Amino acid sequence: MSKVLAIFGAGSGLGTALARRFGKEGFTIALVARSADRLQAMATELAADGIDATAFPADLSDPAGATEAVQQIKDRYGRIDVVSYQPLPGGTAFVPAAELDAERLAHWVNLFLLSPVAIAHAVLPEMTARGTGGFIVTGGFTAADPQPFISGIGPAMAGIRNFVYSLHGEVADRGVYAGVVTLSALIKDSESYNAMSPEQLAEITGGTTGMHVIDPADLAETYWRLFTDRTQTEYRFPAPPAQ
């Protein structure tokens, strides 16, 4: 039986690249996101390259829905060996901390904290029993580098970053890798990247923020290295300045 990579928040950039990278190693791919049509298109594209991929539509802003997706994948394949949780929706706007209210934050807490915790709770017992597995979460730079006027998703992402660090220390010696990838970059060919005009890309990557663009295939290779090396709890791109 082949191992299974479950990609939660599968999209056209990183999701597809991860499916190809792990599929190259013989993994079966479970694609989880809200849009059934987009997921099916991804699965069809991957199948053309000989990668076994199946769509599992789910609303990841609902922790119960995320847990149900885990069960559906287990019902189909019998196992989940690696989780990549990366719901990086396009058009997510930052909110000044002074303007952030509990109602708005609750949605992001569900999406970026409670759902991945629910998924971890559902998959970890079997991973630790087998003595192998991986749980990798992708977040943005505000989780690790909070700044004025760009709050909102950061507090929720900071919560899951904290959780993963604790989890890594608890399960590493039981054969399970837990890690977090923190990005201050646009992922090329992602839905967010493709939605931008050339002028918008130039503005974001130029004088206003100087944000980097990262190739999803290079990023997927980093995920594979994190999972196989199992020594680095967090990968940040670009690397933070030396202290």
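By the naming in an unreviewed UniProt entry, the protein goes by Short-chain dehydrogenase and is assigned to Streptomyces camponoticapitis.

Focus: the pairing of strand 2 (residues 28–33)
For strand 2, a buried count of six out of six residues is recorded, marking the element as mostly surrounded by other parts of the structure. Judged by which residues are buried, strand 2 turns out to be covered on both faces: Thr 28, Ala 30 and Val 32 on one side and Ile 29, Leu 31 and Ala 33 on the other are all buried. Sheet topology note: the strand 1 (residues 4–8)/strand 2 ladder contains five bridges and is parallel. Looking at strand 2, one finds that Ala 6 is bridged to Ala 30. In this view, the connection linking strand 1 to its parallel neighbour strand 2 by way of helix 1 (residues 14–24) has right-handed handedness. Chirality of the crossover, the property in question, places the unit of strand 2, helix 2 (residues 36–48) and strand 3 (residues 53–57) among those that are right-handed.

Regarding the packing of aromatic side chains
Following the criterion strictly, the structure yields nine aromatic pairs and no others. Judged by centre distance (5.3 Å) and plane angle (85 degrees), the rings of Phe 22 and Phe 27 are edge-to-face. For Phe 22, a relative accessible area of 2% translates into the label buried. Look at Phe 22 and Trp 224: their rings are 4.9 Å apart centre to centre, the planes differ by 80 degrees, and that puts the pair in the edge-to-face class. Placement of Phe 22 in helix 1 and of Trp 224 in helix 8 (residues 216–229) is noted, with a sequence separation of 202 residues between them. In terms of burial, Phe 22 and Trp 224 fall into one category: buried. Put simply, the rings of Phe 22, Phe 27, Trp 224 and Phe 227 touch in pairs and so form one group of aromatic residues.

Scoring rules and cut-offs
Residues numbered from 1 in each chain as written. Predicted model: local features only at pLDDT ≥ 70, side-chain atom pairs only at ≥ 80, totals over all residues. Heavy atoms only, no water. Buried < 20%, exposed > 50% of the residue type's maximum accessible area, 1.4 Å probe, protein only. Helix = DSSP H or I, 4+ residues; strand = E, 2+ residues; numbered from the N terminus. Pairing = 2+ DSSP bridges. Right-handed = clockwise from strand over helix to strand, strands pointing away. Phe/Tyr/Trp six-rings, centres within 6.5 Å; stacked < 30°, edge-to-face > 60°.

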